[in-house]
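Results of the structural survey
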Amino acid sequence: MAKIYTRRGDDGSTGLFGGPRVRKDDLRVSAYGDVDELNSSLGVAREELPEGDLRALVDALQSELFTLGAQLATPDAQSAPKEVPRILAADVQRLEREIDRLTGEVPEMKNFVLPGGSRAGAALHLCRTVCRRAERKVVELAESAGVPAEALAYVNRLSDLLFVMARAANLRAGGREIPWIPNPK
C-alpha cells in the first residue's frame, strides 16, 4: 500500500508541478489552495442540491477547478513532466451560456439579496464568496507570474455563475430571496 505522506513538506516546502520546491505560503500555492478550497465548498453545495442540472453543473465545475488548480500549480508548462490541462476560452464561454440560461429562469433583481433562502442557495452563496477570494489571489499571482487571461476570466465568470445558481436553487427549493434592507429598524 502506498503511503499518503512523504515527509518532504515537513520543512514547510512543497513541489510545484514541473517546477521547483517553494514555501507553502508562496503566492502560487496560496492561489491554487484557494481554488482547492472553492472546489471543496462546491462539494458541500453539491450534496445540498437535488439530482438535476444544477448538480450536474457542479460536477463539471469541480472537474474544471482541478484543471485550473493544475494550471496554477505549474509555473512552466514546458518543464512539466506531462501535458498540463488548461482552462480555455471555450470554458469561459460555456459559463456565460449557463449564466444566461439561469438568469432567464429567475426574476429580475430589484434589490441586493442576502445570502440564504434555502440550504442549497446558502451553500452556493458561500461558494461564490470563496470564489471571489480565490479570484483575488489569482489576480495577485498574475501581477508577478504568468496567469493566462482565460484563467482570470474563468474565475471572474464563475462567481457570477455561482450567484445565479444560488438564486435558481432558492427558487427551485421553494425558498425565497431575502432582500437587503439598509438600516433596518
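Residues numbered from 1 in each chain as written. Predicted model: local features only at pLDDT ≥ 70, side-chain atom pairs only at ≥ 80, totals over all residues. Heavy atoms only, no water.

1. Describing the overall build of the chain
When helices and strands are counted, the chain shows 5 helices and 4 strands. Projected onto its principal axes, the C-alpha positions of the chain cover 55 × 40 × 35 Å. Across the chain, contacts joining residues at least 24 apart in sequence account for 74% of those joining residues at least 6 apart. (Helix = DSSP H or I, 4+ residues; strand = E, 2+ residues; numbered from the N terminus. Contact = heavy atoms within 4.5 Å.)

2. With respect to the packing of aromatic side chains
Under the criterion given, the structure shown has 1 aromatic pair. Taken together, a centroid distance of 5.9 Å and an interplanar angle of 65° make the contact between Phe112 and Trp180 edge-to-face. Taken together, the residues span a long stretch of sequence, with Phe112 in the loop between helix H3 (89-103) and strand E3 (113-114) and Trp180 in the segment after strand E4 (178-179) at a distance of 68 residues. On the basis of relative accessibility, which here comes to 60%, the residue Phe112 falls in the exposed class. (Phe/Tyr/Trp six-rings, centres within 6.5 Å; stacked < 30°, edge-to-face > 60°. Buried < 20%, exposed > 50% of the residue type's maximum accessible area, 1.4 Å probe, protein only.)

3. Here we look at the confidence of the model for the chain
Confidence along the chain averages 91 in pLDDT terms, with 97% of residues attaining 70 or more. The lowest-confidence element of the chain is strand E1 (residues 13-15), averaging 78 in pLDDT; the highest-confidence one is H3, averaging 98. (pLDDT = per-residue confidence, 0-100.)

4. Details of the nonpolar core
Judged by nonpolar contacts, the single largest core of 47 residues is most densely connected at Leu61, Tyr154, Leu158, Leu161, Leu162 and Met165. Of all the secondary structure elements, the ones that give two or more residues to this core are helix H1 (27-48), helix H2 (53-72), H3, helix H4 (119-144) and helix H5 (149-172). Ranked by residue count, the leading element in this core is H5, at 12 residues. (Core = buried A, V, L, I, M, F, W, Y, C linked by side-chain atoms within 4.5 Å.)

5. Comments concerning H4
Here H4 spans 39 Å end to end across 26 residues, near enough to the 38 Å set by a 1.5 Å rise per residue. Of the residues making up H4, those classed as buried are Ala120, Gly121, Ala123, Leu124, His125, Cys127, Val130, Cys131, Ala134, Glu135, Val138 and Leu141. In this structure, the buried residues of H4 make contact with H1, H2, E3 and H5. (Expected span 1.5 Å × (residues − 1).)

6. Quick word on the side chain of Glu135
Among the secondary structure elements, Glu135 is positioned in helix H4. For Glu135, the side chain forms a polar contact with the side chain of Arg132, separated by 2.8 Å. (Polar contact = N/O pair within 3.5 Å; in protein donor to acceptor, adjacent residues only side chain to side chain.)

7. Observations concerning the packing of H2 against H5
Any two packed helices are characterised by the angle at which their axes cross and by the distance between the axes. For the pair H2 and H5, the least separation of the axes is 12 Å and the interaxial angle reads 160°. By the angle class used here, H2 and H5 are roughly antiparallel. By crossing handedness, the relation of H2 to H5 is classed as left-handed. Residues Asp53, Leu54, Leu57, Val58, Leu61, Glu64, Leu65, Leu68 and Gln71 of H2 pack against Ala151, Tyr154, Val155, Leu158, Leu161, Leu162, Met165, Ala168, Ala169 and Arg172 of H5. For the contact of H2 with H5, the per-class residue count stands at 15 nonpolar, 1 polar and 3 charged. (Axes fitted to C-alpha atoms, helices over the stretch in contact; angles between N-to-C directions. Parallel < 35°, antiparallel > 145°, perpendicular 65-115°, else oblique. Left-handed = near helix turned anticlockwise from the far one by under 90°. Nonpolar A, V, L, I, M, F, W, Y, C, P; charged D, E, K, R; others polar.)

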